[in-house]
Amino acid sequence: MAEKALEHKYGKGHLVNSARAKTPPSWYELSSGKEVLYCQWISSELANHRFYETFPRNTIKSNAEKVLEHIYGKGRLGNTAYGKIPPSWYGF
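Being a predicted model, the structure only gives us computed values, none of them experimental.

Basis of the calculations
- Residues numbered from 1 in each chain as written.
- Predicted model: local features only at pLDDT ≥ 70, side-chain atom pairs only at ≥ 80, totals over all residues.
- Heavy atoms only, no water.
- Pairing = 2+ DSSP bridges.
- Helix = DSSP H or I, 4+ residues; strand = E, 2+ residues; numbered from the N terminus.
- Axes fitted to C-alpha atoms, helices over the stretch in contact; angles between N-to-C directions.
- Buried < 20%, exposed > 50% of the residue type's maximum accessible area, 1.4 Å probe, protein only.
- Contact = heavy atoms within 4.5 Å.

Caption draft 1: Region of interest: the sheet that holds strand β1 (residues 36-43). Pairing is antiparallel in the open sheet, where 3 strands are placed in the order β2-β1-β3. At either end of the open sheet lies a strand with only one pairing partner, and these are β2 (49-56) and β3 (75-83). When strand polarity is set aside, the average angle formed by the axes of neighbouring strands in this sheet is 20°. Examined bridge by bridge, β1 and β3 share 7 bridges and lie antiparallel to one another.

As structure tokens, this is what we get:
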């Protein structure tokens, strides 16, 4: 599923590293001092279940919405924040 979303966003390619964690792993190189955009997605298709994702710092929120909708179905952004460490609302 992640591969499909990344291909939709960036074009053809393949996964090299992947991880599921609250803080970005050391290999997750980002612009602006490794800050990321933390997002909460509230899925209207899945009984308002909340999903959490990170994006590179320079990601526009509307682009993040498109990717999240592609992965998790219709819904809306909940909390969002830019930072080096995850905010208190960000969880699994």
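Caption draft 2: Molecular detail of unusual backbone geometry. Residues other than glycine seldom take positive phi values, yet Ala47 does so here, at roughly 55°. Considering the arrangement of structural elements, one finds Ala47 in the loop between β1 and β2. With phi around 60°, Asn48 is a residue other than glycine that occupies positive phi space. Assignment of secondary structure puts Asn48 in the loop between β1 and β2.

Caption draft 3: Just the environment of Asn58, in detail. Inspection of the secondary structure puts Asn58 in the loop between β2 and α3 (61-72). Take Asn58: its relative accessible area is 58%, and that puts it in the exposed class. Separated by 22 residues in the primary sequence, Asn58 and Val36 have C-alpha atoms spaced 8.0 Å apart.

Caption draft 4: Expanded view of the side chain of Gln40. In this fold, Gln40 is placed in strand β1. For Gln40, a relative accessible area of 5% gives the class buried. The contacts of Gln40, once residues within four sequence positions are left out, are Arg50, Phe51, Tyr52, Arg76, Leu77, Gly78, Asn79 and Trp89.

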